[in-house]
Amino acid sequence: MKQQLLAGACAGALLLASGQAFAAEAAADAADASASVEELVVYGKGESRQVQQIAIQEVEQAAPGTSPIKLVEKLPGVNFQSADAFGAYEWSTRISIRGFNQNQLGFTLDGVPLGDMSYGNHNGLHISRAIMSEDLGAVELAQGSGALGTASSSNLGGTLKFASRDPSAEMGAFVAATLGSDNMRRGFVRLETGELPSGGRAFISYGNQDADKWKGVGVQKQEQIDFKFVQPIGEGKVSGFYGWSKRRENDYQDLSLEMIKRLGYGWDNISGNYALANQVADTALANYLTKGVSGDPAYCVSDPGTGTNVYPSPIKCDDDAYFDAGGLRDDKLWSLTGEMPFGEAVKVTATLYGHTNKGQGSWYAPLNPSPNFGVVGATTSNASMSFRTTEYSIDRNGLVLGGDINLGAHAIHLGGWYEDNDFEQARRYYALDRATNNRDALSFQSNPFKTRWHYAFNTKTTQFSVEDVWTVTDALKVNFGFKSLKVENKAKFLDGYGPLVNSGDIQSKDSFLPQVGVNYKLSDNSELFGSYTENLRAFVSAATAGPFSTTQPGFDAIKSKLKPETSKTVEAGWRFRTADFQGVIAAYHVKFENRLLATASGSGVAGNPSVLSNVGSVTTNGLEAAGTWSINDAWSLFGSYAYNSSKFDDDVRNGSGALVAKISGKTLPDAPKSVANLSLAYDQDGWFGALNAHYTGKRFITYTNDLSVPGVTTFDLNLGYRFQGEGLTKGLEIQANVTNLLDKKYTSTIGSNGFSNSGDSQTLLAAAPRQVFVTVRKQF
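What counts and how
Residues numbered from 1 in each chain as written. Predicted model: local features only at pLDDT ≥ 70, side-chain atom pairs only at ≥ 80, totals over all residues. Heavy atoms only, no water. Patch = residues over 30% accessible without salt bridge, like charges linked within 9 Å, V, L, I, M, F, W, Y side chains within 5 Å. Areas by Shrake-Rupley, 256 points an atom, 1.4 Å probe, with all protein chains shown as cover. Salt bridge = Lys/Arg side-chain N within 4 Å of Asp/Glu carboxyl O. Helix = DSSP H or I, 4+ residues; strand = E, 2+ residues; numbered from the N terminus. Buried < 20%, exposed > 50% of the residue type's maximum accessible area, 1.4 Å probe, protein only. 1 Å grid on protein atoms, 1.4 Å probe; cavity = no way out; pocket = protein on both sides within 12 Å on 5 of 7 lines; lining within 4 Å. Points joined across faces, edges and corners; volume = space filled by probe spheres on them. Nonpolar A, V, L, I, M, F, W, Y, C, P; charged D, E, K, R; others polar. Pairing = 2+ DSSP bridges. Contact = heavy atoms within 4.5 Å. Core = buried A, V, L, I, M, F, W, Y, C linked by side-chain atoms within 4.5 Å.

Draft legend 1. Up close: a nonpolar patch on the surface. Together, Tyr520, Leu522, Leu528, Trp574, Ile585, Leu623, Tyr641 and Tyr643 line one region of the surface with nonpolar side chains, adding up to about 720 Å² of accessible area. At the level of secondary structure, the elements contributing two or more residues to the nonpolar patch comprise β20 (503-523) and β27 (635-648). With respect to the helices and strands, Leu528 occurs in strand β21 (residues 526-537). Assessed through its relative accessible area of 37%, Leu528 is described here as partly exposed.

Draft legend 2. Just empty space enclosed by the protein, in detail. Within this structure, the stated rule accounts for 10 cavities of 30 Å³ or more. In this structure, the largest cavity occupies an estimated 740 Å³ of space. Forming the walls of the largest cavity are 36 residues, and the residues nearest its centre are Lys70, Glu73, Asn692, Asp716 and Thr739. The element that contributes the greatest number of residues to the lining of the largest cavity is strand β34 (residues 712-722), accounting for 6 residues. Looking at side-chain class alone, the lining of the largest cavity contains 15 nonpolar, 15 polar and 6 charged residues. As a volume, the second largest cavity reaches approximately 330 Å³. Gly65, Asp84, Phe86, Ala88 and Gln209 are the residues nearest the centre of the second largest cavity, which is lined by 32 residues in total. Taken together, the elements giving at least two residues each to the lining of the second largest cavity come down to β10 (184-192), β11 (201-212), β12 (219-233), β13 (236-250) and β38 (771-779).

Draft legend 3. View of the pairing of strand β26 (residues 618-630). Note: strand β23 (residues 581-593) against β26, 12 bridges, orientation antiparallel. Bridge pairing links Val584 to Ala626 in β26. By the bridge criterion, 13 bridges tie β26 to β27 in an arrangement that is antiparallel. Bridge pairing links Ser630 to Ser636 in β27. Joining the antiparallel neighbours β26 and β27 is a turn of 4 residues.

Draft legend 4. Quick peek at the environment of Glu223. The topology assignment puts Glu223 in strand β12. The spacing of Glu223 and Gln209 is 14 residues in sequence and 6.4 Å in space, taken between C-alpha atoms. Non-local contacts of Glu223, meaning those with residues more than four positions away in its chain, are made with Tyr206, Gly207, Asn208, Trp244, Ser245 and Lys246.

Draft legend 5. Highlighting the sheet that holds strand β1 (residues 41-42). The 6 strands are arranged β1-β2-β7-β8-β5-β6 in an open sheet whose pairing can be described as mixed. Whereas interior strands pair on both sides, the edge strands pair on one side only; in this sheet they are β1 and β6 (112-113). Pairing analysis gives 6 bridges linking strand β7 (residues 136-142) to strand β8 (residues 159-164), with the strands arranged antiparallel. For Leu136, the partnering residue across the bridge sits in β8 and is Ser164.

Draft legend 6. Inspection of the nonpolar core at higher detail. The biggest cluster of nonpolar side chains holds 58 residues, and the ones touching the most others in it are Met385 and Tyr455. Here this core takes 6 residues from helix α6 (residues 274-291), the largest share from any one element. For Tyr455, the contacting residues outside a window of four places in its chain are Phe423, Glu424, Gln425, Lys492, Phe493, Leu494, Pro499, Leu500, Val501 and Ala543. Residues Ala62, Leu125, Leu136 and Tyr703 belong to the second largest nonpolar core, which totals 55 residues.

Draft legend 7. The pairing of β11, seen in detail. The pairing of β10 with β11 spans 8 bridges and is antiparallel. Directly across from Arg186, in β11, lies its bridge partner Gln209. Inspection of the sheet shows β11 paired to β12 by 12 bridges, in the antiparallel sense. In the sheet register, Arg201 faces β12, and the bridge partner there is Val230. What sits between β11 and β12 in their antiparallel hairpin is a turn of 6 residues, with Gly216 showing a positive phi close to 70 degrees.

Draft legend 8. Region of the structure containing the environment of Ile54. Mapped onto the elements of the fold, Ile54 is located in strand β2 (residues 51-54). With 87 residues separating them along the chain, Ile54 and Leu141 place their C-alpha atoms 8.3 Å apart.

Honestly, it's all geometry; don't read function into it.
Right under this line is the structure:
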């Protein structure tokens, strides 16, 4: 463990814990909720913020292998999209809440920070790799802002808190097998020790999932191990979690609106035809050498070449059809938590954690010939394209401290968080043979012929929070407090040529980020709530995003001027319950300031430097409503609706004041004004199932709103039976899941390569068609 981390641990030893308490409390709440069919969504009773939990019963009925992040798409204010049925294909997975996109939200597992969950994550990992959905205990969403003690430096908007399940008190085993569309195969097994003589309990689980892509050639594979133990110690306990993940996925082709019209939603990479890939790369390179044109999609459509330099139909440019691309991620995540009460007034907890990652994103790159291309007699390393990678490694360690002091009417929460994160990132090129493909997009590569750049980044995060929850009367409860956040980013160039930034450092800091809230009980079944929160998003330490993704002169120019993004959120609402109905209505206003915009100097896949600057603010107003009607003992109906208006307040201007984009008053890309859900569920006499409808409104794909994708309604269905009685069928379940029931063709992900000011761009992904999965489970 690094000296800085040890120093942080010693200095913070007097702080009290808050983050890890959610794991046990939320899991218990979700367990209570799952006991009754009408409480598949728990509405955050007693909270001063808009917050809901997904009960574990909802998790169990999703298609096995579904990403934990996809489970919240039915909650109000959530826009979730993915190009696969499970929401697990990371290049395509996107979630936005109240107009804030994925890297402006916060994510934790058992209180451990997962970073901003972006594709090339520099400070964490995707929840799909952190834990298997079968091992979840609870999922909680705070649409506006998370609790003050949340360990996140990116949660301008909402916060998703995941909790692992506790080991069972009974010794046993749980096994499940799933088969489905596109050769999908998933196996899962969990072994439980039950309560040991020491009073401790533990489980270990293993999952393996393998599926073909739903179009084109390629696979989506993941292998995982989860382990958890809980050991009581006097009045306290020690618990630990370990997660190991190995993910391999071939990418789908990014599309533009023009490509969808010309080639269709089913168009994909040409991974099954290496000879065609060489032909496309030859044409692209010839066009570039003779015309100086680099394969930009707009050029490809307007002038596909002349004479011999014409692409084979229906391809019009090299960006139309790559041979292949892939994503590789290997992760190890661990945490060790101690909880200890001191009398009835004080509880202290501490969570020590670590995470290592090795990752690679690859692409068969035209316009980057292998070193022997054109060499007479060469038979190896002689293709007109090369194998380009972006390579990652993360080694981060941290400590989350916090807890509670009960002073009667006042409940004091103090929290601390320290993290030291080393992140390396490199852009490399590997030689390809022309005759046959000698590289595997699902294997880590060696022996590059060129390193474009290789950087080492270090990020140190320090956070402190204090909050008082004051029970003024039996009906009135108020909370007030603040957090202090400091994030220091450093970059160092290690290897390559023509570095973006040779070295530099920058920091994000705010010593006073307040949060104030109120909860007023009108009755036992009706309450009003409201809150005000300020948050800050720290700068990103990476060569492909953030302030370091420019030239050294560019960084030197912005270092003293650049401000971190901030948000101010006001929300208020009403929660209520009757004998057969419960729900929530909330309204909110958000001011998002110091918006950062990086303007790329080339196409999304070219890897050119960008310039980052503050370009103004965004004003968001919205309304959310959700409710569950328990029709009778067997049937329930859930519905949610959210209206969101997120608009730019300023036009974009460059450093000299010249107008770059006239966007004032325009709607944010990928921020639909309306999102709605309706779910009819049944559970009785062993039979269970649900029909889910999800509507997403029109989404703009440019800052000027000149292009958009239309609104879409999709349906999912699940049906199952739990066998009753004793014997071999005890604990046996059979379940079928049908995703995209009506086989709707539509654009799911937008912004896979970012957004442009105007005009079409290759930044869209098509949704998966109807798919069917059948699962058999058995509890022993």
